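This is what each chain is made of:
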Amino acid sequence: MAQETIEAIRQAELAAEQTEKSAAGEAERIITQAKAEAAETVAQLTKDAREKAANALAAAQKQGESMMTDALHQVEQELSLLRDATAAKESQAIQLILTELI
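Everything numeric in this text was worked out from a predicted model, so none of it was measured.

Cut-off values and rules
Residues numbered from 1 in each chain as written. Predicted model: local features only at pLDDT ≥ 70, side-chain atom pairs only at ≥ 80, totals over all residues. Heavy atoms only, no water. Helix = DSSP H or I, 4+ residues; strand = E, 2+ residues; numbered from the N terminus. Rg over C-alpha atoms; globule rule 2.2 N^0.38 Å. Buried < 20%, exposed > 50% of the residue type's maximum accessible area, 1.4 Å probe, protein only. Areas by Shrake-Rupley, 256 points an atom, 1.4 Å probe, with all protein chains shown as cover. Salt bridge = Lys/Arg side-chain N within 4 Å of Asp/Glu carboxyl O. Patch = residues over 30% accessible without salt bridge, like charges linked within 9 Å, V, L, I, M, F, W, Y side chains within 5 Å.

(A) Here's a closer look at the overall build of the protein. Within the protein one finds one helix and zero strands. Computed over its C-alpha atoms, the radius of gyration of the protein comes to 43 Å, more than 25% above the 13 Å expected for a compact globule of 102 residues. The C-alpha extent of the protein, read off along each of the three principal axes, is 150 × 15 × 10 Å. Going through the 102 residues of the protein one by one, you find that 0% of them count as buried. Working note: accessible area of the protein is about 9300 Å², and carbon and sulfur atoms make up 62% of it.

Structure below.
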């Protein structure tokens with residue numbers, strides 16, 4: 001009976017050792033998979049952030065172009081008004097000079 005007990009203990013120890021090795025292997029597999037998934041997640045988040053940044057940059061450029069167009073249009077209007085005012089003053093200046101000469 002003592003021999004059977006010793007054999008049972010050895011079998012239990014071997015089974016425990018095998019279970020420990022199996023658990024260590026499974027833990028390593030899980031860690032490797034988790035690292036791969038984390039790298040994939042980081043890559044996807046980086047891609048998403050770059051896309052958002054590119055979209056924001058494109059929107060800012062479009063807004064800047066729109067603001068430049070609006071400013072140019074406003075400057076053209078002001079220039080037109082100044083030309084009109086200059087033409088009116090020129091006519092008055094010519095009249096004044098002619099009046100002084102005559």
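(B) Focus on the pattern of salt bridges. On inspection of all chains with the given rule, the structure shows two salt bridges. The closest approach of N and O atoms between Glu17 and Lys21, which form a salt bridge, is 3.5 Å. On the criterion of helical spacing, the pair formed by Glu17 and Lys21 is a turn pair, its members being four residues apart in helix H1 (residues 2-101). With relative accessibility at 40%, the residue Glu17 sits in the partly exposed group. A relative accessible area of 53% means that Lys21 is categorised as exposed. The salt bridge partner of Arg29 is Glu26, with a shortest N-O separation of 2.5 Å. Of the two residues, Arg29 and Glu26 both sit in helix H1, three residues apart, roughly one turn of that helix.

(C) Main features of a nonpolar patch on the surface. On the surface, a nonpolar cluster with roughly 570 Å² of combined accessible area is contributed by Ile94, Ile97, Leu98, Leu101 and Ile102. A relative accessible area of 51% places Ile97 in the exposed class.

(D) Layout of the environment of Thr99. Here Thr99 shows up in helix H1. C-alpha separation for the pair Thr99 and Glu51, spaced 48 residues apart in sequence, amounts to 71 Å.

As far as function goes, none of this settles anything; it's purely spatial.
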